[in-house]
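# Examination of the molecular architecture
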Amino acid sequence: MQAPTPQLIARKLDDLVIDDEPSFRHVGLYADLKEVLRRDGYVFRVLPASSEGRWDRALLLNLTFWASASGGDVLVDDHLAADVVAHVAWHHLASHALPSPPSAEALFLGEAIASAFDVYLVGRLLGHAPRSTFLATQVPAMAEAAGATGLSEDGFEALLERIAGDPERAFAELRELLYDATTALHACASASDALTVLARFDGHPFAALLHRYELSNWVLYARAYASRGTGPDERALAVDRALRTEGDPLAWLTKAWLT
């Protein structure tokens, strides 16, 4: 007898156990982002029992189909990390604020916002939630990525102090870096061109964290699936310009997308 075809299980936010949420209690934006997913009935997908515990499988599905219209993030079980709630919410908001199907600019903008917000959360939690499992996983991963670029331990400590000292500024700077790097890499025709692009950002304050992110995945996904209009995505470019000119990009996003 043929085995049944495995099916992903739909789950809404209230069906899931959110891990590490007390660590985010003092971050007002977290509660707002969580409410967005609840209000809109955002659907997550959970692996079936036949794939129980398969983090590798969930990771592959999420990296390959991260802007899928057929459903939200794929989870290993009914547990969801609090930082993932915020990350997913920013993607969800971007998908509503920008054209569909998304252009390359829209894809990169949404991912840059969601990923830079992770660093904002690091800054908000450092010194406030030392037992956070989010910090316990994120900070060592950031240190490893920074160390691979040659940044010293003292240099990494200085970077953490910069993030904790002004999380909003860290969000703004990293968002710009991620967006600029991916849009430039997307336009490259060769490895030599891409190397020139990467070298251009070596002096950026967050250059040591650039390869912490799945930039190749973002670029390849955009090349495969992004809509191809007759010109640049003016709506995405307008949002990018607004975030660069506003003194507090997160405040702008909160006003424009959350309220």
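The structure reproduced in this document is the subject of the present report. Everything quoted here is computed from the prediction, not taken from an experiment. (Residues numbered from 1 in each chain as written. Predicted model: local features only at pLDDT ≥ 70, side-chain atom pairs only at ≥ 80, totals over all residues. Heavy atoms only, no water.)

In this section: the packing of helix H7 (residues 167–186) against helix H8 (residues 191–200). Two numbers describe how H7 lies on H8: the axes approach to 9 Å, and their chain directions differ by 165°. Relative to H8, H7 is oriented roughly antiparallel. The way H7 lies across H8 gives a crossing that is right-handed. For the pair H7 and H8, contact is made by Ala-181, Ala-184 and Leu-185 and by Ala-194, Val-197, Leu-198 and Arg-200, respectively. Classifying every residue of the contact of H7 with H8 by side-chain character gives six nonpolar, no polar and one charged. (Axes fitted to C-alpha atoms, helices over the stretch in contact; angles between N-to-C directions. Helix = DSSP H or I, 4+ residues; strand = E, 2+ residues; numbered from the N terminus. Parallel < 35°, antiparallel > 145°, perpendicular 65-115°, else oblique. Left-handed = near helix turned anticlockwise from the far one by under 90°. Contact = heavy atoms within 4.5 Å. Nonpolar A, V, L, I, M, F, W, Y, C, P; charged D, E, K, R; others polar.)

Let's shift gears to the side chain of Asp-233. Note that Asp-233 resides in the loop between helix H9 (215–225) and helix H10 (234–245). For the buried Asp-233, no salt bridge is present, and the opposite-charge side chain at shortest range is Arg-235, 5.8 Å distant. There is a polar contact of 3.2 Å between the side chain of Asp-233 and the backbone nitrogen of Ala-236. Not counting residues up to four positions away in its chain, the partners in contact with Asp-233 are Pro-99, Ser-103, Glu-105 and Ala-106. (Buried < 20%, exposed > 50% of the residue type's maximum accessible area, 1.4 Å probe, protein only. Lys, Arg positive; Asp, Glu negative; His and termini not counted. Salt bridge = Lys/Arg side-chain N within 4 Å of Asp/Glu carboxyl O. Polar contact = N/O pair within 3.5 Å; in protein donor to acceptor, adjacent residues only side chain to side chain.)

Here the focus is the packing of helix H5 (residues 133–148) against helix H6 (residues 153–165). Where H5 contacts H6, the two axes come as close as 10 Å, and the packing angle between them is 130°. One element, H5, and the other, H6, form an angle in the oblique class. The handedness of the crossing between H5 and H6 comes out as right-handed. Packed against H5, whose contacting residues are Val-139, Met-142, Ala-143 and Ala-146, the element H6 presents Phe-156, Leu-160 and Ile-163 at the interface.

Once that is clear, we can look at the environment of Asp-154. Mapped onto the secondary structure, Asp-154 falls in helix H6. Residue Asp-154 is classed as exposed on the basis of its relative accessible area, which comes to 66%. Each C-alpha atom of the pair Asp-154 and Ala-236 lies 37 Å from the other, and the pair is 82 residues apart in sequence.

A word on the pattern of salt bridges. Per the counting criterion, the structure on display carries 12 salt bridges. With a closest N to O distance of 2.9 Å, Arg-162 and Glu-173 form a salt bridge. Separated by 11 residues along the polypeptide, Arg-162 in helix H6 and Glu-173 in helix H7 bring together distant segments of the chain. Owing to a relative accessible area of 29%, Arg-162 belongs among the partly exposed residues under this scheme.

Along the chain, Ser-100 connects to Pro-101 via a cis peptide bond; the corresponding omega equals -5°. Looking at where Pro-101 falls in the secondary structure, it is placed in the loop between helix H3 (82–97) and helix H4 (104–125). Even without glycine at this site, Asp-20 takes up a positive phi of about 70°. Relative accessible area serves as the criterion here: at 17%, Asp-20 is assigned to the buried category.

In short, the description is geometric, and any link to function would need to be established separately.
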